Amino acid sequence: MINSVMNKLFTKKLTIYQLGNPQLREKAEPITNVQDPKIQKLIDEMLFTLRESRGVGLAAPQIGRSLQLIIIASHPNNRYPHAPLMEPTAMINPRIVSHTEETEKGWEGCLSVPMIRGLVPRYRQITVEYCDRQGNQQVKELDGFVARIFQHEYDHLEGKVFLDRVESNLDLVSESEYYRNNQTNPKDI
Ligand code: NI
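Definitions and limits used
Position labels on residues start from 1 in each chain and follow its written sequence. Residues qualify for local features only when their pLDDT is at least 70, as the model is predicted, and side-chain atom pairs are given and counted only at 80 or more; totals for whole chains, interfaces and linings, by contrast, use all residues. The basis for every side-chain value is the complete set of heavy atoms in the structure, and neither hydrogens nor water enter the calculation. A donor here means any N, O or S atom no more than 2.8 Å from the metal (3.2 Å for Na, K and Ca); water is not included, so a site may seem to lack partners. Numbering goes from the N terminus for both helices and strands, where a helix is a DSSP run of H or I of at least four residues and a strand is a run of E of at least two. Per-residue accessibility, obtained with a 1.4 Å probe over protein chains only, is compared with the maximum for each type, and a residue is labelled buried under 20%, exposed over 50%, and partly exposed between these values. Salt bridge criterion: a side-chain nitrogen from Lys or Arg within 4 Å of a carboxyl oxygen from Asp or Glu. Pairing of aromatic rings covers Phe, Tyr and the six-membered ring of Trp, with a centre-to-centre limit of 6.5 Å; geometry is then stacked below 30 degrees between planes, edge-to-face above 60, and tilted otherwise. Directions from the helix axis toward the C-beta atoms define the arc. Throughout, a residue-residue contact means that at least one pair of heavy atoms, one from each residue, lies within 4.5 Å. Definitions used for this entry: grid spacing 1 Å over protein atoms alone; cavity, a set of points where a 1.4 Å probe fits but cannot get out; pocket, an open set with protein on both sides within 12 Å along at least 5 of 7 lines; lining residue, one with an atom within 4 Å of a point. Grid points are joined across faces, edges and corners, and a volume is the space filled by probe spheres set on the points. Amino acids are sorted into nonpolar (Ala, Val, Leu, Ile, Met, Phe, Trp, Tyr, Cys and Pro), charged (Asp, Glu, Lys and Arg) and polar (every other residue, Gly among them). On a range of 0 to 100, pLDDT expresses the predictor's confidence in each residue. Note: two strands are recorded as paired if DSSP finds a minimum of 2 bridges between them.

Caption draft 1: Looking closely at the coordination of the nickel ion. Around the nickel ion, the donor atoms from the protein are C110 (SG), H152 (NE2) and H156 (NE2), and they sit 2.1 to 2.2 Å away. Read N to C, the donor residues that coordinate the nickel ion are spaced as C-x41-H-x3-H. In this pair, C110 sits in strand β4 (residues 103-110) while H156 sits in helix α3 (residues 144-157), placing the two residues 46 residues apart along the sequence. Taking the relative accessible area as the measure of exposure, C110 reaches 5% and is therefore buried. Given the relative accessible area of 1%, H156 is considered buried.

Given below as structure tokens:
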């Protein structure tokens, strides 16, 4: 109890590495001991950082840690007004087990790529496997926007960013243009 209160008091917002930082292009290493207090602390700090940044997902390489750890935290907010609500979830050593052939394009942004939105093709539905923060192996089926977030964050573990996935430069827009054009279209995320 005291530990968790102390943790909350001392949790800090981490610096999010920006495009051009070579760390964003590295392949992340698997985590061997989920119970390691350093890993648990890192998860708390990433959850806090994500909340403060109003993002829906964050990968450890984005805060300069080359580890296979992502947070998925879909919720409606200013950045993504139509996102479904879910409990923020830490996924350790995640992988895609299978996916539908069908892809769909949707708008994405990234806390490491400010001021830009891109139209990115992703699998519509995926089955994923990961270890949760308690150390339990999980298998989940994800679809739509949550599946999109997973694929975006998983890419970070492979040293990729969403810009690598857009099919044409014409599918890249500034954030201000994005908001101007998409405010009233509920299909856009
Ligand atoms: Ni990102």
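Caption draft 2: Quick peek at the pattern of salt bridges. Inspection of every chain in the model, using the stated rule, returns 16 salt bridges. Here K105 makes a salt bridge to D171, at a shortest N to O gap of 3.4 Å. In this pair, K105 is assigned in strand β4 and D171 in the loop between α3 and β8 (172-174), connecting sequence segments 66 residues apart. Here D171 falls in the buried class, since its relative accessible area comes to 13%. Linked by salt bridges that have partners in common, E108, R122, R148, D155 and R165 make up one network.

Caption draft 3: Region of the structure containing the packing of aromatic side chains. Counted under the stated rule, the structure contains three aromatic pairs. Note on W107 and Y178: the rings are 5.4 Å apart at their centroids and 65° apart in plane angle, and the pair reads as edge-to-face. Of this pair, W107 sits in strand β4 while Y178 is found in helix α4 (residues 175-182), placing the two residues 71 residues apart along the sequence. The buried category is assigned to W107, whose relative accessible area is 13%. Owing to a relative accessible area of 4%, Y178 belongs among the buried residues under this scheme. Both rings, one in Y178 and one in Y179, keep their centres 5.4 Å apart while their planes meet at 65°; by these two values the pair is edge-to-face.

Caption draft 4: Region of the structure containing α4. Every buried residue belonging to α4 is among E175, Y178 and N182, and all of these are buried. Seen end-on, α4 carries its buried residues on one side only, within an arc spanning 55°. Structural note: α4 exposes S176, R180 and N181 on the side pointing more than 90 degrees away from its buried face. Against β4, β5 (113-123) and β8 lie the buried residues of α4.

Caption draft 5: Looking closely at empty space enclosed by the protein. Under the counting rule described, the total for this entry stands at one cavity of 30 Å³ or more. Within this model, the largest cavity holds a volume of roughly 150 Å³. Lining the largest cavity are 15 residues; nearest its centre among them are V56, Y80, G109, H152 and E153. Elements supplying a minimum of two residues to the lining of the largest cavity: β4 and α3. Among the residues making up the lining of the largest cavity, the classes are represented as six nonpolar, five polar and four charged.

Caption draft 6: Quick peek at the confidence of the model for the protein chain. Residues of the protein chain with pLDDT of at least 70 account for 91%, and the chain-wide mean is 91. The model gives residues 184-189 a pLDDT under 50, and that stretch makes 12 contacts with residues more than four places away or in other chains.

Caption draft 7: Representation of the pairing of strand β3 (residues 89-99) in the model. Where strand β2 (residues 69-72) lies against β3, four bridges are found, and the strand directions are antiparallel. By the bridge assignment for β3, I70 is matched with M91. Bridge count between β3 and strand β6 (residues 125-131): five bridges; the pairing is antiparallel. Note that in β6 the partner of I96 across the bridge is V128.

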